[in-house]
Amino acid sequence: MVQQEVLNRVFASLSDPTRRDILIRLGAGPATISELTAPTGMSLTGMKKHVQALENAGLVVTEKVGRSRQCRLGDAPLDAAMAWISFYQRLWARRLDGLDAYLTLRTGPKERDR
């Protein structure tokens, strides 16, 4: 159940384009919330809310440095999300391979390729 809650938070966070942009930016290295806000035209409060959602999902880690809050990528929840995606990717690949084999046996390779 806990794993499902982690995945729910991760996928909910990734569903927002602003949050995905934040993750892309942090992929280049740590940044303060002010640095993340500057190119967007968003308010500092709005950016803080996005960063907090990413932090709650474990995708971002923040640390108070002087008067600013430094943000960097967290990695554990993405590993869980990738494992979940990989599992279902393999599952569907096997099912589609089985369907392909069934259709080949049933209709023959020449008729199915038309």
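Everything here concerns the structure above.
The structure reproduced in this document is the subject of the present report. Worth saying up front: this structure is predicted, and the values here are computed from it rather than measured.

Definitions and limits used
Residues numbered from 1 in each chain as written. Predicted model: local features only at pLDDT ≥ 70, side-chain atom pairs only at ≥ 80, totals over all residues. Heavy atoms only, no water. Helix = DSSP H or I, 4+ residues; strand = E, 2+ residues; numbered from the N terminus. Rg over C-alpha atoms; globule rule 2.2 N^0.38 Å. Buried < 20%, exposed > 50% of the residue type's maximum accessible area, 1.4 Å probe, protein only. Contact = heavy atoms within 4.5 Å. Lys, Arg positive; Asp, Glu negative; His and termini not counted. Charge placed at Lys NZ, Arg CZ, Asp CG, Glu CD. Polar contact = N/O pair within 3.5 Å; in protein donor to acceptor, adjacent residues only side chain to side chain. Phe/Tyr/Trp six-rings, centres within 6.5 Å; stacked < 30°, edge-to-face > 60°. Lys NZ or Arg CZ within 6 Å of the ring centre and 35° of its normal. Patch = residues over 30% accessible without salt bridge, like charges linked within 9 Å, V, L, I, M, F, W, Y side chains within 5 Å. Areas by Shrake-Rupley, 256 points an atom, 1.4 Å probe, with all protein chains shown as cover. Salt bridge = Lys/Arg side-chain N within 4 Å of Asp/Glu carboxyl O.

1. Brief notes about the overall build of the chain
Each helix and strand counted, the chain has six helices and three strands in total. Each helix (α) and strand (β) of the chain, taken in turn from the N terminus, gives the series α-α-β-α-α-β-β-α-α. Taking 114 residues into account, the globule formula puts the C-alpha radius of gyration at 13 Å, and the chain, at 21 Å, lies well above it. By its C-alpha atoms, the chain is 70 × 35 × 20 Å across when sized along the principal axes. For the chain, the residues scored as buried account for 27% of the 114 residues in total. Across the chain, the fraction of contacts at a sequence separation of at least 24, relative to all contacts at a separation of at least 6, is 50%. Taking the average place of the 17 positive charges on the side chains of the chain and the average place of its 12 negative ones, the gap between the two points comes to 3 Å.

2. Looking at the side chain of Thr37
Relative to the helices and strands, Thr37 is located in helix H3 (residues 33-37). Within the local environment of Thr37, its side chain forms a polar contact with the backbone oxygen of Ile33, the two atoms lying 2.8 Å apart. Those residues in contact with Thr37, other than ones at most four positions away along the chain, are Met42, Ser43, Leu44 and Met47.

3. Topic: the packing of aromatic side chains
The full count for this structure, using the stated rule, is zero aromatic pairs. We note Arg95 situated over the ring of Trp92; from NZ or CZ to the ring centre the distance is 5.4 Å.

4. A short note on a nonpolar patch on the surface
Together, Phe11, Met82, Trp84, Ile85, Phe87, Tyr88, Trp92, Leu96, Leu99 and Tyr102 make up a nonpolar patch on the protein surface, roughly 980 Å² of accessible area in all. Ranked by residues supplied to the nonpolar patch, first place goes to helix H5 (residues 76-107) with nine residues. You can see Ile85 is positioned in helix H5. Given a relative accessible area of 35%, Ile85 falls into the partly exposed group.

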